[in-house]
Each structure stands twice: as structure tokens, then as C-alpha cells.
Amino acid sequence: MIGIASAWIIVLLLGGGVALDRVLVNAVTRNFDNQLEYALTAMIASAEIDPVGEVYFNRPLGDQRFLEPNSGLYWQISGEGHDDFTSRSLWDRTLEQVVPHDDLGIHLYDSDHFPEEPLRVVERTVTLPDSDVKWSFRVAQNREGLDAQVREIRTIVFNSFLLLAVGLIGMAALQTLYGLWPLRKIRKAISEMRNGQQSRVTEPMPNEVTPMVDELNELLEHNERQAEEARRHAGNLAHALKTPLTVIMNSATAKADDLADTVIRESGIMRRQVDHHLARARAVGRRGQALSRSRVWPSLQAVERAVGRLYKHVRIDIDGDKNAEVCVERQDLDEMIGNLVENAAKYGGGSVFVTVETGDEFVDLLIEDDGVGIPVEERERLFNRGARLDTSKPGTGLGLAIVRDVAEIYQGNVSLDESEDLGGLMVRLSLPKSRN
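Keep in mind that this is a model prediction, so the values were computed, not measured.

K.L.:
Can you help me understand the overall build of the protein chain in this one?
P.N.:
Each helix and strand counted, the protein chain has eight helices and 14 strands in total. Within the protein chain, counting contacts between residues at least 6 apart in sequence, those at least 24 apart form 60% of the total.

K.L.:
Mind showing me how you'd approach unusual backbone geometry here?
P.N.:
Residues apart from glycine generally show negative phi values, whereas peptide bonds are mostly found in trans. For N70, which is not glycine, the phi torsion reads 55° and is therefore positive. Inspection of the secondary structure assignment puts N70 in the loop between β2 (55–57) and β3 (73–79). Phi angles above zero are rare outside glycine, and Q411 is one such case at about 65°. Inspection of the secondary structure assignment puts Q411 in the loop between α8 (399–409) and β13 (413–418).

K.L.:
Before we go on, may I ask you to explain the packing of aromatic side chains in this structure?
P.N.:
The geometry of two aromatic rings is summed up by the distance between their centres and the angle between their planes. This structure, assessed with the given rule, holds four aromatic pairs. Taking 6.2 Å as the distance between ring centres and 85° as the angle between the ring planes, the aromatic pair formed by Y74 and F114 counts as edge-to-face. A residue pair is termed long-range when its members are at least 10 positions apart, and Y74 in strand β3 and F114 in strand β5 (residues 107–114) qualify at 40 residues. Ring pairs connect the aromatic residues F57, W75 and F85, which therefore count as one cluster. Against the face of F114 rests R93, its NZ or CZ located 4.2 Å from the ring centre.

K.L.:
What exactly am I supposed to notice about the environment of V166 here?
P.N.:
Residue position: V166 is located in helix α2 (residues 144–194). Each C-alpha atom, one on V166 and one on I9, is 9.6 Å from the other, the two residues being 157 residues apart in sequence.

K.L.:
When you look at the sheet that holds β13 in this model, what are you seeing that I'm missing?
P.N.:
Through backbone hydrogen bonds, the strands of a sheet pair up, either in parallel or in antiparallel fashion. Taken in spatial order, the five strands line up as β9-β11-β12-β14-β13 in an open sheet, and their pairing is mixed. Of all strands in the sheet, those with a lone pairing partner are β9 (315–320) and β13, marking the two edges. Taken over all neighbouring pairs, the strand axes of this sheet differ in orientation by 15° on average, direction set aside. Pairing geometry for β13 and strand β14 (residues 425–432), over six bridges, is antiparallel. In the strand pairing of β14, V414 is matched with L429. The sheet strands contacting helix α5 (residues 296–310) are β9, β11 (351–358) and β12 (362–369), and the helix crosses β9 at an angle near 175°.

K.L.:
Please clarify how the pairing of β14 should be interpreted in this entry.
P.N.:
With seven of eight residues buried, β14 is to be regarded as a mostly interior element. Bridge count between β12 and β14: seven bridges; the pairing is antiparallel. Looking at the pairing, I367 lines up with V427 of β14. Hairpin connection between β13 and β14: a loop of six residues separates the two successive antiparallel strands, and G423 in this loop has a positive phi of roughly 90°.

K.L.:
Please clarify how the packing of α5 against helix α6 (residues 330–347) should be interpreted in this entry.
P.N.:
Think of two packed helices as two axes; the pair is described by the angle between the axes and how far apart they sit. Here α5 crosses α6 at 45°, and the two axes come no closer than 9 Å. The angle between the axes of α5 and α6 places the two elements in the oblique class. The way α5 lies across α6 gives a crossing that is right-handed. Contacts between α5 and α6 pair V296, P298, S299, L300, A302, V303 and V307 from the former with R330, L333, D334, I337, G338, V341, E342 and A345 from the latter. Tallied by class, the residues present in the contact of α5 with α6 amount to ten nonpolar, two polar and three charged.

K.L.:
Teacher, can you tell me more about the environment of L20 here?
P.N.:
Here L20 shows up in helix α1 (residues 2–46). Look at L20 and you get partly exposed, because its relative accessible area is 34%. The sequence separation of L20 and I153 amounts to 133 residues, and the corresponding C-alpha distance is 9.9 Å. With sequence-adjacent residues up to four places away left out, L20 is seen in contact with V157 and F161.

K.L.:
I tried to follow the pattern of salt bridges on my own but got confused; where do I start?
P.N.:
Counted according to the given criterion, the structure contains 16 salt bridges. Of the charged contacts in the structure, one is a salt bridge between R200 and E224, with a shortest N-O distance of 2.9 Å. Of this pair, R200 sits in the loop between α2 and α3 (210–253) while E224 sits in helix α3, and the two are 24 residues apart along the sequence. Here the salt bridges share partners, and the residues they tie into one network are D33, D110, R120, R143 and D147.

K.L.:
Help me understand the side chain of S87, please; the structure alone is not making it clear to me.
P.N.:
In this fold, S87 is placed in the loop between β4 (85–86) and β5. Looking at S87, the relative accessible area reads 2%, which means it is buried. Of note is the side chain of S87, whose polar atom sits 2.8 Å from the side chain of S89. Sequence-distant contacts of S87, that is, excluding residues within four places in its chain, are made with F66, Y74 and W75.

K.L.:
Whenever I open this one, a nonpolar patch on the surface confuses me. Can you help?
P.N.:
A cluster of nonpolar side chains, namely M1, L180, L183 and M212, defines an oily patch on the protein surface of about 390 Å² accessible area. With respect to the helices and strands, L183 occurs in helix α2. Of the residues examined, L183 reaches a relative accessible area of 37% and is grouped as partly exposed.

Reading the values: rules and limits
- Along each chain, residue indices are assigned from 1 in the same order as the chain's sequence is written.
- pLDDT decides what is reported in this predicted model: residues at 70 or higher carry local features, side-chain atom pairs at 80 or more are listed and counted, and totals for whole chains, interfaces and linings draw on all residues regardless.
- Excluding hydrogens and water, the side-chain values take into account all heavy atoms of the structure.
- Helix numbering and strand numbering both begin at the N terminus, where a helix is a DSSP run of H or I of at least 4 residues and a strand a DSSP run of E of at least 2.
- Two residues form a contact once any of their heavy atoms are found within 4.5 Å.
- Geometry of aromatic contacts follows a simple scheme: Phe, Tyr and Trp rings, the Trp one being its six-membered ring, pair when their centres are within 6.5 Å, and the pair is stacked under 30 degrees between planes, edge-to-face over 60, tilted otherwise.
- By the criterion adopted, a ring carries a charge over it if an Arg CZ or a Lys NZ lies within 6 Å of its centre and within 35 degrees of its normal.
- Here, a strand pair is defined by DSSP locating no fewer than two bridges between the strands.
- For every element, the axis is a line fit to its C-alpha atoms; helices are fit only across the contacting stretch, and the angle between N-to-C directions ranges from 0 to 180 degrees.
- The buried label applies to any residue whose accessible area, calculated with a 1.4 Å probe on protein chains only, is under 20% of its type's maximum; exposed applies above 50%, and partly exposed to all values in between.
- Any angle that falls under 35 degrees is termed roughly parallel, while one over 145 is termed roughly antiparallel, one within 65 to 115 roughly perpendicular, and all others oblique.
- Take the far helix as the reference: if the near one is turned anticlockwise from it by less than a right angle, the crossing is left-handed, and if turned clockwise, right-handed.
- Think of it as three bins: nonpolar holds Ala, Val, Leu, Ile, Met, Phe, Trp, Tyr, Cys and Pro, charged holds Asp, Glu, Lys and Arg, and polar takes everything else, Gly as well.
- Every case where a carboxyl oxygen of Asp or Glu lies within 4 Å of a side-chain nitrogen of Lys or Arg is listed as a salt bridge.
- The term polar contact refers here to a pair of N or O atoms within 3.5 Å; inside protein, the definition further demands a hydrogen-donor-capable atom paired with an acceptor-capable atom, and it admits residues adjacent in sequence only when both atoms are side-chain atoms.
- Put simply, a patch holds well-exposed residues, over 30% relative accessible area, that have no salt bridge, with like charges counted together within 9 Å and Val, Leu, Ile, Met, Phe, Trp or Tyr side chains within 5 Å.
- Each accessible area is a Shrake-Rupley result for a 1.4 Å probe, and residues are judged covered by the shown protein chains and nothing else.

Written out as C-alpha cells, the structure reads:
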């Protein structure tokens, strides 16, 4: 930021300095030229032709420097066929025209005709009354004074703009360092958090960085919640596996006759627990993704095809909002819908009806079947891990438990009710609506 500001300041000051230099130099030069033009006009106004055809002044010029030899201010009148009429200041020198030409208007130029004395020359060609000769009037002045003024102006401009550049760059550097200083505080706070000295950025910050600090604190809180959930899930899984492992170890130690059956039974329990906690872990890991957004209708169609191949005798109908979107990862959405539709197909009477309804905050998926339904007092128990009311059909009893846990991770919920149209069970899965 300091480098960019410095480069921009230098570019602007260079442009401004060049422009100011041209304005001041042109002003000084124009003032110098105006004095020469004034002397030239006075010469022309005083010039006349004498009886023998030579030019003379009817009154002397006012500037005494024309009378002092080598004074640095000179005049000369030249005409074809006539001797040059020169000022006494030229002494034995003459002002020669480099390229002969007629100047009907005023002509200004620099001349190096005198090697030791650079000149500024103004000339004009005039035809005087009673004369057919074109007389060339010239006034020249040593331009060392003009050059000295130009050098002085450029020195002042350069020093002033250099001082201004140093001041502006220094101010930009101080402003940048002062403006970014809170980031050093944040870096220090993060270092202290890494060393365990504090858990949040608590030091007051300027308004410009307060939103970033708030987001950082919320991220830390979110990570702590996830870490706590991970620890809790690990503890729950360890606790859930402890009992089956104890049963297997006891049976193995006692060399029980039904050891094989015990191992198979307890291994199935452990597998169900592992599947359940893996599903929760996947959902928790994907919940933090900023672009968790899925369309409901493609998931329903994919589940309909998959379940239709498994249960060919079941008719599955879907209806509702085809454009509904939810804030859920596609894989988790497919798993929740797949569990609910498969349960409806497995335990229903052959018909499953899925409806998608979009509300202000949530998208509701209603999964209805034509089975025998579930008594009200038994519905809550179905959400327990491994709970099954019908043990005649294969399954793990984790379907509704997984659906509820994953839905709650995404701030949704699952409820059970009776289907008014089909007479069986109706499961309402409510998921947060995606915001465009």
C-alpha cells in the first residue's frame, strides 16, 4: 500500500511539476520578450529616412544600455544596399541574420552568433515612408539573466515538490501503518490463542476491523462446538461399543457354547452403532460448507428409481414444488430421503406418496404410505437407535434415528403423524429453505 501510494504521489507530482515549470518559464520568457518588443516598437516609431536615403532616429532611445559597449542590449537596422545602422553597445560587432527572410510580423529566436554571449533576438521587416528598401529592425539582449531566472524557478519548484513528495509519502506511510496496526493486534491475539493464553479476541478494535474480529470469534466458537460434538460422539461410540465388546470378551473367556452366535449378534450391534455415528460425523463435517445447497426434486427422482428397483411391487408417486432448494448437502439429502422412502416401501401396503411443500423458512417433505400405521405412543420410540416395531423384515433400526440426527444438524426436524389420504404413516421432514 505504501509503495502504490508513493508511486502515485510521484507520478502526480512529476506531472504537476512539469506543468508548473512550463507555466512559470513561459511567463518569465514572455516578460523578457515583451521588453524586447517594446524596444523594437520604439525603434520603428523613431526611425526615419534622411535626404540621402539612410535611416536615422528622430529621437534617441531611452535605454542607456544601448550606449554602453558590450552592455548586453543591442539594436541594429539593416537594409539591402546600405550599411548596417547599429547601436553603440555593439561596438565593432554586428547582428547577422542566419537565414535571410522577411518578417512582416515580429520574429523571436535564440542566437549563438556571439560564442561568449547567448542572445535572445526579436526582429521585424519594415518599409519606411519615402523609402522602397525593406529595413530589418533587430533588438538583441543577452539571455544569461533569463536563463538564471529559469534555473532559479526550476530549483525552487524542484525543491518544493521534493519536500512535498517526502511529506506526502511520509504521511501515507504513517496513515497505512496506523490503519493496519489493529491487524498486528489481531495477529498477537491469534498467537496468544494458539499458546492457550486466551480463547477469543477480546481487545476493542476500530469499526473497520470489528466485523472481521466478530467473524473470527464466531469461527472459533463454531470450531469449539464441532470439537465438542466430536468428543461427545467419540464418547458415545465408545460407550455404545463397550457393552457388546464386554459381552464378547466374557463369552470368549468362559468358552461359552454359543460364542459364535454371541459374536455375530454383538458384532451386528456394533456395526449399527458405527454406521450411525459415521453418518452423523459426515453430516457434521459437511454442515460448515458455505455452499450447502441442493435441489429436492432430483434427489426424489433418484431415490424413486433406486427404491423402485428394490421393491418392484411398490408404487411411488411424487408431487409438489419441483424448484424447491434446501440448505443441505446432496449426499445427506439423498440419505435422509432414501431412508424414509425405503421404510415407507418396506412397511407400507404397496403405495408411497411423497409431497414437496415450500414455506417461508422450511421445505417440508411429506412421505406417506398405506400401511397399518404406528400408534401415537410408539412413535417417539422409533427414533431411538436400533428400535424396530416389525422384526419380521430385515433392517438395522437406525433409519429414523439417522434421519433425525442429520436433520437436526442442518437445523431441521422430523415428525410422525397419520396419513389422512392413505391411512398409514406420514413422516414430515422439514429442512431449511435455501436463500437465493
